[in-house]
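# Structural features, examined
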Amino acid sequence: MTITYDMVQQSLGMFAFLAVELTLLFLLISYLVGVLQEYIPPAKIQSILSAKKGKGYVVAALLGAITPFCSCSTIPFLKGLLRAKAGFGTMMVFLFASPLLNPIIIGLFAVTFGLSVTVFYFVIAMGVSVIAGYTLEKLGFERYIKAEAYSAPAASGCGSSCGGASAPVNKWKAIWDVTWVDFNKVLPYLLGGIALGSLIYGFMPTELVSSMANEDNPLAVPIAAIIGIPLYIRAEAVIPLSAALAAKGMSLGAVMALIIGSAGASLTEVILLKSIFKNPMIAAFLVVIIGMAIAAGYLYGFIF
C-alpha cells in the first residue's frame, strides 16, 4: 500500500479532532456526573439501578437509550456509577446499551434503513445488553473491577488541612478538582487509543473493508464485526458510512455487524476501560460486543 499525503492528512486531522472532542466530552461528562452526585445521594442511584426483580436491568438499558453517549464518553458516567456503588449487573447493562441505543443512532437508523430494521436493531441491542449484564453478575465478574475505581480521587491543592483556620470549600471547584484528577489518570490511555484509531481511520481504505465483507464471503459478518472494534466511528458517521459500504457491495448483515461492533466498542474505549477493569472483564466486554454483532448480522440476514 502506497502512503499518500491525503492518508497522513486524514490521520492527523482525525487525531486532532478526536483529541479535542473526547477531552471536552470527558471533562464535561465527568463534571456533570460530579454535579449529579452532589444532588443525588449515592443511595438514591443505587436504589434506581437496583437489580432486584430484574427491574434495575431494564431501567439501566432505558437510561442508556436516552443518554447520547458514544462508547468513550460512557466511561466517566460509569466511573460515577461505580463510586455510587450501583449494582454491577445494571452498570454493565448501561455500559453495553448506552453507545448502541443513544437517540442519535436510533434516529439515523430509522431515516437510513427504515422502521422495521430500526426496531430489529433496538430489540437485539436492548435484549443482549440486559442478558449480558445479568449473566456477568451471576458469574461473579464484579471481582475483576480494580479497587481504585470505586474511590473518588483526592482533589489537588490545599484544603482545610493547610495550616490554621479551615477555609470555606467551594463545592463547584471541588467537583472540578476531582474531574481534573480523573482526567489526568486516563489521559495516557485516551491519547494512545486516539492515535491507534486515527492511524486505522487514515490508512484503511473503505474499498478494503467492503471487499472483505461482501455477500459472497461466508465470513463477511464476523469479519465486519471484528473490523468495527478498532474503527472509532462517531454515532453521526457510523450510519452514513454503513450505507456507503452497503452501496459498494457489503452485505446488509455485515453492515449490521459493523454498526454494532464500531458503535458498541472502540479501541479507545477498550484502552480507557483498562483504568477500571482487569483483563478478564475487558475480554468479557469484547466477547459480548463481538458476539452481539455477529448474532445480529446473521439473524438479520435470516429474517430480512
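Procedures and definitions
- Residues numbered from 1 in each chain as written.
- Predicted model: local features only at pLDDT ≥ 70, side-chain atom pairs only at ≥ 80, totals over all residues.
- Heavy atoms only, no water.
- Helix = DSSP H or I, 4+ residues; strand = E, 2+ residues; numbered from the N terminus.
- Buried < 20%, exposed > 50% of the residue type's maximum accessible area, 1.4 Å probe, protein only.
- Contact = heavy atoms within 4.5 Å.
- Areas by Shrake-Rupley, 256 points an atom, 1.4 Å probe, with all protein chains shown as cover.
- Axes fitted to C-alpha atoms, helices over the stretch in contact; angles between N-to-C directions.
- Parallel < 35°, antiparallel > 145°, perpendicular 65-115°, else oblique.
- Left-handed = near helix turned anticlockwise from the far one by under 90°.
- Nonpolar A, V, L, I, M, F, W, Y, C, P; charged D, E, K, R; others polar.
- Patch = residues over 30% accessible without salt bridge, like charges linked within 9 Å, V, L, I, M, F, W, Y side chains within 5 Å.
- Salt bridge = Lys/Arg side-chain N within 4 Å of Asp/Glu carboxyl O.
- Phe/Tyr/Trp six-rings, centres within 6.5 Å; stacked < 30°, edge-to-face > 60°.
- Expected span 1.5 Å × (residues − 1).
- UniProt positions renumbered as here; feature names shortened; annotations may be inferred.
- Core = buried A, V, L, I, M, F, W, Y, C linked by side-chain atoms within 4.5 Å.

Okay, the overall build of the protein next. A tally of regular secondary structure across the protein gives 14 helices and zero strands. A burial count over the protein gives 46% of its 304 residues as buried. The contacts in the protein between residues at least 6 apart in sequence include a share of 83% that link residues at least 24 apart. Total accessible area on the protein stands at roughly 14,000 Å², and carbon and sulfur atoms take up 70% of it.

This paragraph deals with the packing of helix α12 (residues 252–264) against helix α14 (residues 279–303). At a minimum axis separation of 7 Å, α12 and α14 run at an interaxial angle of 160°. Of the possible angle classes, the one that applies to α12 and α14 is roughly antiparallel. For the element pair α12 and α14, the recorded crossing hand is right-handed. Where α12 approaches α14, its residues Leu252, Gly253, Met256, Ala257, Ile260, Gly261 and Gly264 are matched on the opposing element by Phe285, Ile289, Met292, Ala293, Ala296, Gly297 and Tyr300. Counted by class, the contact of α12 with α14 contains ten nonpolar, four polar and no charged residues.

Among the surface-exposed residues, Leu299, Phe302, Ile303 and Phe304 lie close enough to one another that they form a single nonpolar patch of about 450 Å² accessible area. Locating Phe304 in the fold gives a position in the segment after α14. Judged by relative accessible area, Phe304 falls into the partly exposed class, the value being 48%.

All chains considered together, the criterion is met by nine aromatic pairs. Look at Tyr31 and Trp176: their rings are 6.4 Å apart centre to centre, the planes differ by 55°, and that puts the pair in the tilted class. Taken together, the positions of Tyr31 in helix α1 (residues 5–39) and Trp176 in helix α8 (residues 171–203) put the pair 145 residues apart, joining distant regions of the chain. Assessed through its relative accessible area of 22%, Tyr31 is described here as partly exposed. Consider the rings of Trp180 and Phe183, whose centres lie 5.5 Å apart with planes at 35°: the pair is tilted. On the criterion of helical spacing, the pair formed by Trp180 and Phe183 is a turn pair, its members being three residues apart in helix α8. Residue Trp180 is classed as partly exposed on the basis of its relative accessible area of 38%. Looking at Phe183, the relative accessible area reads 5%, which means it is buried.

One turn of the α-helix equals 3.6 residues, which is why residues spaced by three or four share an orientation. Along helix α4 (residues 74–83), ten of the ten residues are buried, which leaves the element largely enclosed by surrounding structure. Taken together, the buried positions of α4 are Thr74, Ile75, Pro76, Phe77, Leu78, Lys79, Gly80, Leu81, Leu82 and Arg83. Backbone geometry just downstream of α4 places Lys85 in the positive-phi region, at approximately 55°.

The end-to-end C-alpha separation of α14 is 36 Å, in line with the 36 Å expected for 25 residues at 1.5 Å each. Tucked into the core, α14 has its buried residues touching α5 (88–100), α7 (115–138), α10 (220–228), α12 and α13 (267–273).

With that settled, the discussion passes to the UniProt feature "transmembrane region" (unreviewed entry) in the protein. The positions UniProt marks with the feature "transmembrane region" (unreviewed entry) are residues 12–36, 56–78, 90–113, 119–136, 186–204, 219–239, 251–276 and 282–303. Taken end to end, residues 119–136 is 100% helix and 0% strand, and its two terminal C-alpha atoms sit 26 Å from one another. A distance of 36 Å separates the end C-alpha atoms of residues 251–276, which is 77% helix and 0% strand.

On to the nonpolar core. Of all hydrophobic cores here, the largest spans 79 residues; its most connected members are Tyr121, Met256, Phe277 and Met281. Counting residues per element, this core draws most heavily on α14, at ten residues. Beyond its immediate stretch of four places on either side in the chain, Tyr121 contacts Leu100, Leu101, Ile105, Ile106, Phe109, Met256, Ile259 and Ile260.

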